[in-house]
Amino acid sequence: VSPIPQPGLPMIRLLCVEDDPLVRTYLATRLALEPDISVVGVVSEAGEALRFLGREAVDIVLLDYRLQGADGLQLLSALQGRSPAEGTENAKVLF
């Protein structure tokens, strides 16, 4: 099922960062059904998230608190240290 965007509403660009494959698949599938959300990326590690965010601007980062290799707070700290030119200055982070 492909969502139909509502007229006049901008699509919310979302990156999902989750290391559990079952949860990651569920979240991406469920959120993609929302008419105003575009899941632009799904990654499993903090490093992948940083690389993705270096290429793509997003509105929301849906972030797992516990990740393999680095926890969500470490990734949040890294995101806050990025310059505005790196495209994350307006992104909201949700745990």
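Summarised in this report is the structure supplied together with it. Predicted model only: the values in this text are computed from it and were never measured.

**Quick notes on the nonpolar core**
Among the nonpolar cores identified, the biggest contains 15 residues, and Leu-15, Val-17, Leu-53, Val-58, Val-61 and Leu-75 are the most heavily contacted of them. It is helix α2 (residues 46-55) that contributes the most residues to this core, four residues altogether. Ignoring anything within four residues of it in the chain, the contact list for Val-61 reads Leu-15, Val-17, Leu-53, Ala-91, Lys-92, Val-93 and Leu-94. Judged by nonpolar contacts, the second largest core, of six residues, contains Leu-14, Cys-16, Ile-60 and Leu-62.

**Regarding α2**
Every buried residue of α2 is listed here: Ala-46, Ala-49, Phe-52 and Leu-53. End-on view of α2: buried residues confined to an arc of 120 degrees, all on one side of the axis. Within α2, the exposed residues directed more than 90 degrees away from the buried face are Arg-51, Gly-54 and Arg-55.

**Points about the packing of aromatic side chains**
Under the criterion given, the structure shown has one aromatic pair. Summarising the aromatic geometry, the rings of Tyr-65 and Phe-95 are spaced 6.3 Å apart at their centres and angled 65 degrees between planes, so their arrangement reads as edge-to-face. Remark: Phe-95 occurs in the segment after β4 (92-94) and Tyr-65 occurs in the loop between β3 (60-63) and α3 (72-80); sequence separation between them is 30 residues.

Criteria and cut-off values
- Residues numbered from 1 in each chain as written.
- Predicted model: local features only at pLDDT ≥ 70, side-chain atom pairs only at ≥ 80, totals over all residues.
- Heavy atoms only, no water.
- Core = buried A, V, L, I, M, F, W, Y, C linked by side-chain atoms within 4.5 Å.
- Buried < 20%, exposed > 50% of the residue type's maximum accessible area, 1.4 Å probe, protein only.
- Helix = DSSP H or I, 4+ residues; strand = E, 2+ residues; numbered from the N terminus.
- Contact = heavy atoms within 4.5 Å.
- Arc of directions from axis to C-beta.
- Phe/Tyr/Trp six-rings, centres within 6.5 Å; stacked < 30°, edge-to-face > 60°.

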